[in-house]
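A closer look at the structure
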Amino acid sequence: MKLGPLLKLVLRLTVFSAPLILGIGFLERGLRSMPTPSTEKHKILVERGPSAEIVIFGSSHADAGLDPAKFPCSAINLANDGQTLDIDLALMRELVRGPGRLQVLIVPVSLFSFHVSSGDFARLPEKVPRKLLGLDVPNVDWLSHWLGQSRVVKATPHTAIGFALRGFVPLPHEVTNLGWTPDPVKPGRTSIREASTKAEFHRMAMANDHQKEATLALLAILEIAKGVHAAPVLLVTPFHRNYLAAWAPSELAEFRARLSAIAYDYRVVVADYSQDPRFSDPDFADADHLSPGGAQRFSRILASEVIGPLVRCEGVAGGKWAP
Amino acid sequence: MSFLSIESAVLLLATVIATRVLGRRALPGAVLLASSMFYVASAPGGVAWLALSILLAFAVGARLTTASQRISIWLLSLTILVILGALVFVKLPGHDFTAPLGISYFTFRLVAYLLDVYWGRCEPARSLTEFAAFVSFFPQVTSGPIDRWGHFLGQLDRYEYPSYEQMSSALRLILFGLFKKLVVANRLGGLVDPVLDSPGDFSAPFLVAAAYAFPIQLYADFSGLTDIARGASRLLGIEAPRNFDRPFLASSVQEFWTRWHMSLTFWLRDYLFKPLSATLRRQGRIGLAVAIGVNMLAIGLWHGLQWTFLAFGVINAIYMVAGAMRRRPRALQVAVARLGLRRWGNILLTFNLMTFAFVFFRAADLSAALEVLRGFPALFHLGLHSSQTVAPALGVTPRGVVAPVAVMAFVEFGVARGYWDRWFMRTRVGAVARWVAYYAVVLAIVFGGIFDNTKFIYARF
């Protein structure tokens, strides 16, 4: 038996690895305590869920487009960038876990919603550290399940720096997600070219084709809503005409047919504002998101035309809560 | 079981300890046991094929030295026909049969063994355990390098446990191999794979960038795997042949093929090109051209019986034959030499020529290759490509790709030029710098590596 050199190697490797293992372990432990959309939404649901009479799910279209302060009762907006129906379902399950006052559930659906699942918008995680640190992010693995599926965070230089700076730098909206943050208006973002680029980006996510999961998630949300006697509303937010023009008529027809079929089968209200002529260029921040002014208008319209008839406010003093 | 997995690492460590504890005579048995476990866990469907091939070659190899010349040649021809025929059969497209893992590699090892024994270059294997350990040697069975029996046996006969320095250099190879695969190749894959998988969806700049990035991705992937395989072999005390020698510094296609996948090109040189060119010697330059052409076609088709690999072989054959036949006018040679850029100009030209050939190598079919190539004139607004303006999201940023490639090039260059040994291995300050460099590479892998893809491109051949 000749173990001398091998033992020496193992010993040196141990000495070499010890600081690495300790450092990475410390970092990972710290990262797990960092707020994620999952932890923050959990907090909102625990604190505000039981008193919420109107709850909004959905993707960035609802996040940028719906100001809950404009609604007649206590309302919370749990929409988020790239949030898909399966995550909406997870939130719904958490929402109805305890007693509540839910009366209206707004489930926004976009042209891609019936085809995507969490993780399909793989590019989105880049935005979090970029907004957090103002840095470009070469590693898109960061928070690969950041949309609430997992609290385990993969370490990258950016997460390491982010962890070191936490408390000093405000967290981005994508993480804290406290209701309604309007999208700033970016000139030129509604042009035909930008709109077609955006539609192409959405089509790429749709190519993963999670049709079955997405549809089942939506149906499950509707069933749960019925179980707690809440009125679900399937909402399509306004889109810029150039964005709609970037989709084939057959794609739009298929989307609407699917929406109508679900509305008929489950007797739910469909509020389709996608082509509403009341919204013009100044109402849009980009091809598919409303501007701050547009969001205010849309929220008021929705409150009076759809939510008002469905809801009877019994909520907290002042009748509403919004961040 | 992937070669790049915790299970493989544990298996390697267990084999290293077993050979130390049980003594050097146990090495072939320990290696064979570990290789069998690896192969069964990785590709159970190919075990019988591998075992039968080993038994056949072992039995025939033993007979080759004792049988008469006439019987030997028949036996040799028949066995090689069976072994190579099996390889061709599994490479044929359009059947549902799954090729045994590493069949291209172990088949070439077996054929080389039989020919070497027949030509008297080496003794036939005396022990089935040793021979089976050689053919199925788990660090090399999936993707080479393609070792020779004489080389392997020589190491067994003069076996010494690896020293501390050899083991630490083995770990260095493995570490840098992991960097090349997980950081460089996988990051480049974020650009190359989506674009070259569906070139019709991308505009000219993406096509051109992906075409140029692919040879570098392939190099990082394959040479990374080779480094890991060589490191793993070295930990067991067995030195594997080199497979790459800075191929992108080649100043001609001929030179490129002496620096790229060397164990395959040297195999073909020894067992195909040399015998063929000797046979065709009387035909002069035409005979040489035929031998070169056949050799390059074999390189292409070794990867698979597909039109794209055939095209890759044909293009390389044209390069090589043109290079061999070339007679550059003296005046031109002088003019080029005076420019002082000849070597770098040739390096650049060679890289471009090989990039063109690798477009066919990577493409799913010939039309996809042509789609990629149409991106080149479109880039210069020659209007031959209806380029789309949409640039769909790719999982990479230029900085995230260029930086790791630059680090890889810097390290490879430094090691090859001897700077590593001079600066890091011989001084006390160097020891500290060495550890700093190791930490940097480990952190680069942890933070910058993409771990989703642990499959190697060359493992499918």
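Just above sits the structure.
A brief structural summary. What you see is a predicted model; the values in this text were computed from it and never measured. In this convention, every chain numbers its residues from 1, walking through the sequence in written order. Following the order in which they are written, the chains are lettered starting with A and the ligands numbered starting with 1. Whole-chain, interface and lining totals are the exception, using all residues; otherwise, since this is a predicted model, local features are given only for residues with pLDDT of at least 70 and side-chain atom pairs are given and counted only at 80 or more. With hydrogens and water stripped out, all remaining heavy atoms of the structure feed into the side-chain values.

Notes on the sheet that holds strand β1 (residues 54-56) of chain A
Sheet strands pair by backbone hydrogen bonding; their relative direction is either parallel or antiparallel. All names here are of chain A. Just so we agree on the cut-off: Note on pairing: DSSP must find at least two bridges between two strands before they are called paired. Going along the chain from the N terminus, every DSSP run of H or I of four or more residues is numbered as a helix, and every run of E of two or more is numbered as a strand. Think of each axis as a best-fit line through the C-alpha atoms, taken over the contacting stretch in the case of a helix, with angles from 0 to 180 degrees between the N-to-C directions.
Read across the open sheet, the five strands follow the order β2-β1-β3-β4-β5; overall the sheet is parallel. Either end of the sheet is taken by a strand with one partner, and the two such strands are β2 (75-77) and β5 (269-272). Adjacent strand axes in the sheet meet at a mean angle of 15°, parallel and antiparallel pairs treated alike. The pairing of β1 with strand β3 (residues 104-108) spans three bridges and is classified as parallel. Counted as the bridge partner of valine 55 is leucine 105 from β3.

Some thoughts on the pairing of β3(A)
What counts is decided by this rule: Remark: exposure states derive from per-residue accessible area (1.4 Å probe, protein chains only) relative to the maximum for the residue type, with buried under 20%, exposed over 50%, and partly exposed in between.
Among the five residues in β3(A), five count as buried, and that is most of the element. Across the two faces of β3(A) the burial is the same, with A:Val104, A:Ile106 and A:Pro108 and A:Leu105 and A:Val107 all buried.

Topic: the packing of aromatic side chains
Residue and element names in this part refer to chain B. Under the convention used in this document: Two aromatic rings from Phe, Tyr or Trp, using only the six-membered ring of Trp, form a pair when their centres are within 6.5 Å; if the ring planes differ by under 30 degrees the pair is stacked, by over 60 it is edge-to-face, and anything between is tilted. Definition used: whenever NZ (Lys) or CZ (Arg) falls within 6 Å of the ring centre and also within 35 degrees of the ring normal, the charge is taken to sit over that ring.
Taken as a whole, this structure holds 51 aromatic pairs over all chains when the rule is applied. Here phenylalanine 309 and phenylalanine 361 contribute two aromatic rings whose centre-to-centre distance is 5.4 Å and whose plane-to-plane angle is 70°, an arrangement assigned as edge-to-face. Residue phenylalanine 309 is located in helix α13 (residues 307-325), and its partner phenylalanine 361 is located in helix α15 (residues 342-362); the two are separated by 52 residues in the primary sequence. Exposure class is identical for phenylalanine 309 and phenylalanine 361. Each is buried. Across the ring face of phenylalanine 266, the terminal group of arginine 269 is positioned such that the distance to the ring centre comes to 4.5 Å.

Focus on helix α4 (residues 69-91) of chain B
Residue and element names in this part refer to chain B. We count it as follows: Expected helix span is computed as 1.5 Å times (number of residues minus one). By the convention used here, residues are in contact when the closest approach between their heavy atoms is within 4.5 Å.
Taking 1.5 Å of rise per residue, 23 residues should cover 33 Å, and α4 covers 32 Å from first to last C-alpha, within 8% of that figure. Among the residues of α4, Ser72, Leu76, Thr79, Ile80, Ile83, Ala86, Leu87, Val90 and Lys91 are the ones counted as buried. Those residues of α4 that are buried lie in contact with α3 (47-64), α5 (103-118) and α12 (284-302).

Describing the packing of helix α8 (residues 164-197) of chain B against helix α9 (residues 204-235) of chain B
Residues and elements named next belong to chain B. Quick reminder of the rule: Roughly parallel refers to an angle under 35 degrees, roughly antiparallel to one over 145, roughly perpendicular to one between 65 and 115, and oblique to any angle outside these ranges. Crossing handedness is read from the near helix: turned anticlockwise from the far helix by less than a right angle, it gives a left-handed crossing, and turned clockwise, a right-handed one. Nonpolar residues are Ala, Val, Leu, Ile, Met, Phe, Trp, Tyr, Cys and Pro. Charged residues are Asp, Glu, Lys and Arg, and all others, Gly as well, are polar.
In the contact formed by α8 and α9, the axes pass within 7 Å of each other and the chain directions differ by 155°. The angle between α8 and α9 falls in the class roughly antiparallel. The two elements α8 and α9 meet at a crossing, and its hand is left-handed. For the contact of α8 with α9, the per-class residue count stands at 27 nonpolar, eight polar and seven charged.

Section: helix α12 (residues 292-310) of chain A
Residues and elements named next belong to chain A. Filter applied, for reference: For a residue, the bend is simply the angle between two axes, fitted respectively to the seven-residue segment ending there and the seven-residue segment starting there.
Compared with the 27 Å implied by 1.5 Å per residue over 19 residues, the 25 Å span of α12 between its first and last C-alpha is a close match. The largest bend in α12 comes to about 45°, at alanine 303. Those residues of α12 lying buried are Gly294, Ala295, Gln296, Phe298, Ser299, Ile301, Leu302, Ala303, Val306 and Ile307. Where α12 is buried, its residues meet β1, α3 (60-65), β3, β4 (231-236) and β5.

Some details on unusual backbone geometry
Residues B:Gly144 and B:Pro145 are joined by a peptide bond in cis, for which omega reads 5°. Looking at the element boundaries, B:Pro145 is found in the loop between α6 (128-136) and α7 (149-157). You will see that A:His229, though not glycine, has its phi angle at about 60°, which is positive. Mapping A:His229 onto the fold places it in the loop between α9 (211-227) and β4. Relative accessible area serves as the criterion here: at 70%, A:His229 is assigned to the exposed category. For B:Arg246, which is not glycine, the phi dihedral falls at a positive 40°. Summarising the element assignment, B:Arg246 is placed in the loop between α9 and α10 (253-256). Given a relative accessible area of 24%, B:Arg246 falls into the partly exposed group.

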